[in-house]
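Single-letter residue listing:
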Amino acid sequence: MESSLPLVIDRTAGPALHLQLAEQFRAAVLDGRLQAGHRLPSTRALAKQLGVSRAVAQSAYDQLHAEGWLEGRTGAGTFVTDVTPLRPAQPRRTTSRPEPARELLTLRPGIPYIDPTPDPGWRRAWREVSAQSPPGGYDDAAGLPALRVALAEHVGRVRGIACGPENILVTNGTVHGLRLLLGVTRQLGDRIAIEDPGYPNAVVAAQDHRLEILDVPVDRDGLQVSALTEDLHAVYVTPSHQYPLGGRLPVARRNELIRWARRTGAMLIEDDYDSEFRFDVAPLPALAQLDLDRVVHLGTLSKTLSPALRLGWLVASEGTVDQLATFRANSGDWPGWPMQAALLAMLRDGYLDHAVRKHRRRYADRRIHACAALAPYGRVIGQDAGLHITLLLPDHVDDRRISALAHEAGVAVAPLTDFRRSVPGPPGLVIGYATPTAEDLHRALAVLTKVLDTSI
Ligand SMILES: Cc1ncc(COP(=O)(O)O)c(C=O)c1O
């Protein structure tokens, strides 16, 4: 039966007439006034009924046809499709409101100082990027070719790794590179060794990839190579500045580690997160410099410029880089062109070197201040490099309680226990001194030492 629909046209305002009609049809189907199978008037009849042009009625029907509300049977007319309306989704109820984050002074490790006034070198790089049109098409999945050349030169000069652009893959930082590597190379049942205490995000990455983890003890020189077993797929290691205890893997142990990897065929994953900052002697060349067939080296801008840039590099054998790039070409997961182009400009103009030099001077003073303030409470270790120190506390102290008390007093600081897994060791605090301004560092240390005074 043909319908005479209760449609109203508003000519004074609102959407175009055909859209008004279509909307009223939809509402009539959803509220049941128009049932499935109902035959609609012809466009000519509808136009006449409403006093609109036939083109308006036709456009409304075309739209409803295209969306699937109507179906036409040749020679038979236009009918309402069987559309069972969805029940409206239940609005999600959150029972508890998140507490507004409190402003804390932070002594958490791992975040550099960010100057509130951008450096001219930084601005120059971005001006240069903004003056270019983006590439037309998908970039090389391993990274911009010119940037790979510049990074090969950079890691050669700064970290002693003799390599070419074919050994470089541009990443979104260490963790991105690590996850990519694990995702592409691991097999079911593989085991990975990770320093204990060590970097929690590396542990999470291994767990997410269903790797079995061997907790490897660390001493004042870093990873204990003698604790490695023969059945490992990979070893994650921070040879320049063990995270978080601060040891530097000495040459003899590096050689032992490389010999072990050559014998077992395991892959060594070198996390070189803060090697740019050493305050005693020049940094040792990277572990990767010894054997690029066995070591995959991960570098990052997170400690030198900012973790918010999400940019880093992976240095590996050409075969590994190709394998990772092929995977990325399929996943689309690589850093965007503007960020890569900006880093290229920063490397070429020497801005990265300049920023590192400037920060190194700044951190050297802060480090001395932090060590002096904390020395009375325990043993300060790892102070020769990086952006943090570790304060080892007497055995009876509960470092998580100290961290909680500091938090209540307005200072965020990480307990060493949060970096430990199964290897026992003394409690402590991992104290980053880079992030705050000099004044805030002073205030934060005053709060923390007061907490330590009253609780150990
Ligand atoms: C040991 C270690 N590796 C790497 C990173 C940096 O990771 P990303 O480059 O992914 O920011 C950090 C940051 O805190 C770290 O502590």
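Residues numbered from 1 in each chain as written. Predicted model: local features only at pLDDT ≥ 70, side-chain atom pairs only at ≥ 80, totals over all residues. Heavy atoms only, no water.

## Observations concerning the domain arrangement of the protein chain
Size of an interface: often given as the accessible area lost when the parts come together. Counted only if it meets this: Where a domain begins and ends is set by an automatic assignment or by a domain database.
Domain boundaries assigned for the protein chain yield domain 1 (17-80), domain 2 (105-110 + 355-455) and domain 3 (120-353). If you average the C-alpha positions of domain 1 and of domain 3, the two centres end up 61 Å apart.

## Looking at helix α11 (residues 351-374)
Condition: Here a strand is any run of E in DSSP of at least two residues, a helix any run of H or I of at least four, and the numbering for each starts at the N terminus. Multiply 1.5 Å by the residue count of a helix minus one, and that product is the helix's expected span. The cut-offs for exposure are 20% and 50% of the maximum accessible area for each residue type, with area from a 1.4 Å probe on protein chains only; residues under the lower value are buried, those over the upper are exposed, and the others partly exposed.
The first and last C-alpha atoms of α11 sit 34 Å apart over 24 residues, in line with the 34 Å expected at 1.5 Å per residue. Of the positions making up α11, those classed as buried are Tyr351, Leu352, Ala355, Val356, His359, Tyr363, Arg366, Arg367, Ala370, Cys371 and Leu374.

## Describing the layout of surface pockets
Spelled out, the test is: The way it works is a 1 Å grid over only the protein atoms, where trapped points that fit a 1.4 Å probe form a cavity and open points with protein on both sides within 12 Å along at least five of seven lines form a pocket, and then any residue with an atom within 4 Å of a point lines it. Grid points are joined across faces, edges and corners, and a volume is the space filled by probe spheres set on the points. Side-chain classes follow a simple rule in which Ala, Val, Leu, Ile, Met, Phe, Trp, Tyr, Cys and Pro form the nonpolar group, Asp, Glu, Lys and Arg form the charged group, and the remainder, Gly included, forms the polar group.
The space that makes up the largest pocket amounts to roughly 500 Å³. Every residue lining the largest pocket is counted, 25 residues in all, and those nearest its centre are Asp219, Arg220, Leu245, Gly247 and Ile381. For the lining of the largest pocket, the elements supplying multiple residues, two or more each, are β7 (212-219) and β13 (379-381). Residues of the lining of the largest pocket, tallied by class, amount to 9 nonpolar, 6 polar and 10 charged. Inspection of the lining of the largest pocket shows a minimum of three residues originating in each of domain 2 (105-110 + 355-455) and domain 3 (120-353).

## Let's talk about the pairing of strand β10 (residues 267-271)
Basically, it comes down to this: In this scheme, strands are said to pair when DSSP sees at least two bridges between them. For crossovers, right-handed means that the path from the first strand over the helix to the second runs clockwise, given strands pointing away from the viewer.
Judged by how many residues are buried, β10 sits mostly within the fold: 5 of 5 residues are covered. Side-chain alternation along β10 places Met267, Ile269 and Asp271 on one buried face and Leu268 and Glu270 on a second face that is also buried. In terms of strand pairing, strand β9 (residues 234-237) meets β10 through 4 bridges, oriented parallel. From the neighbouring strand, Ala234 faces β10, where its bridge partner is Met267. A crossover connection joins β9 to the parallel β10 through helix α8 (residues 251-264); in handedness this β-α-β unit is right-handed. Across 4 bridges, the pairing between β10 and strand β11 (residues 295-300) is parallel. For Asp271, the partnering residue across the bridge sits in β11 and is Leu298.

## Examining the site of the ligand
Where we set the bar: Only heavy atoms are used to decide nearness, and a residue is near a molecule or strand if one of them lies within 4 Å of it. Here a polar contact is taken to be a pair of N or O atoms separated by no more than 3.5 Å, where protein atoms must pair a possible hydrogen donor with a possible acceptor and residues adjacent in sequence count only if both atoms sit in side chains. For every accessible area listed, the method is Shrake-Rupley and the probe measures 1.4 Å; residues are considered covered only by the protein chains on display.
Around the ligand, the surrounding shell consists of Gly173, Thr174, Val175, Tyr199, Tyr236, Tyr243, Asp271, Tyr273, Thr300, Ser302, Lys303 and Arg310. For the ligand, an oxygen atom lies 2.8 Å from a polar atom in the backbone of Thr174. Between the ligand and Asp271 there is a distance of 2.5 Å, counted from a nitrogen atom to a side-chain nitrogen or oxygen. When the ligand sits alone it has 400 Å² of accessible area, and the protein chains cover 92% of it. Partitioned by chemical class, the residues of the shell around the ligand number 5 nonpolar, 4 polar and 3 charged.

## Notes on the sheet that holds β10
Note the following rule: The criterion used for residue contact is that any of the two residues' heavy atoms lie within 4.5 Å. Every axis in this analysis is a line fitted to C-alpha atoms, fitted for helices over the stretch in contact. Angles between the N-to-C directions lie between 0 and 180 degrees.
Spatially, the 8 strands line up as an open sheet ordered β5-β12-β11-β10-β9-β6-β7-β8, and their pairing is mixed. Each end of this open sheet is capped by a strand with a single partner; those strands are β5 (168-171) and β8 (222-223). When β5 meets strand β12 (residues 312-315), the two strands line up antiparallel, connected through 4 bridges. Bridge assignment links Ile168 to a residue of β12, and that residue is Val315. Against the sheet, α8 contacts β7, β8, β9, β10 and β11, and its axis sits at roughly 145° relative to β10.

## Points about empty space enclosed by the protein
Taken as a whole, this structure holds 3 cavities of 30 Å³ or more when the rule is applied. Space inside the largest cavity adds up to approximately 60 Å³. Around the largest cavity sit His154, Val155, Val158, Arg159, Asp272, Ser275, Glu276, His297, Gly299, Thr300 and Trp313, which together line it. Looking at the lining of the largest cavity, the elements that each hand over two or more residues are α5 (145-159) and β11. The element contributing the most residues to the lining of the largest cavity is α5, with 4 residues. Residue composition of the lining of the largest cavity, by class: 3 nonpolar, 5 polar and 3 charged.

## Remarks on the environment of Leu232
Counting through the fold element by element, Leu232 comes out in the loop between β8 and β9. On the basis of relative accessibility, which here comes to 6%, the residue Leu232 falls in the buried class. Along the primary structure Leu232 and Gly265 are separated by 33 residues, whereas in three dimensions their C-alpha atoms are 8.5 Å apart. Once you skip the residues sitting within four places of it in the chain, Leu232 turns out to touch Arg191, Ile192, Ala193, Leu214, Trp260 and Ala266.

## Some details on helix α13 (residues 438-455)
Spelled out, the test is: The arc in question is the one spanned by the directions pointing from the helix axis to the C-beta atoms.
The terminal C-alpha atoms of α13, which comprises 18 residues, lie 26 Å apart, in line with the 26 Å expected from a rise of 1.5 Å per residue. Taken residue by residue, α13 has Leu441, Ala444, Leu445, Leu448, Thr449, Val451, Leu452 and Ser455 as its buried positions. The buried residues of α13 all sit within an arc of 155° when viewed along its axis, so they share a single face. For α13, the exposed residues lying more than 90 degrees away from the buried face are Glu439, Lys450, Asp453 and Thr454. Looking at the packing, one finds that the buried side of α13 touches β4 (105-106), α11, β14 (388-392), α12 (399-408), β15 (411-412) and β17 (428-432).

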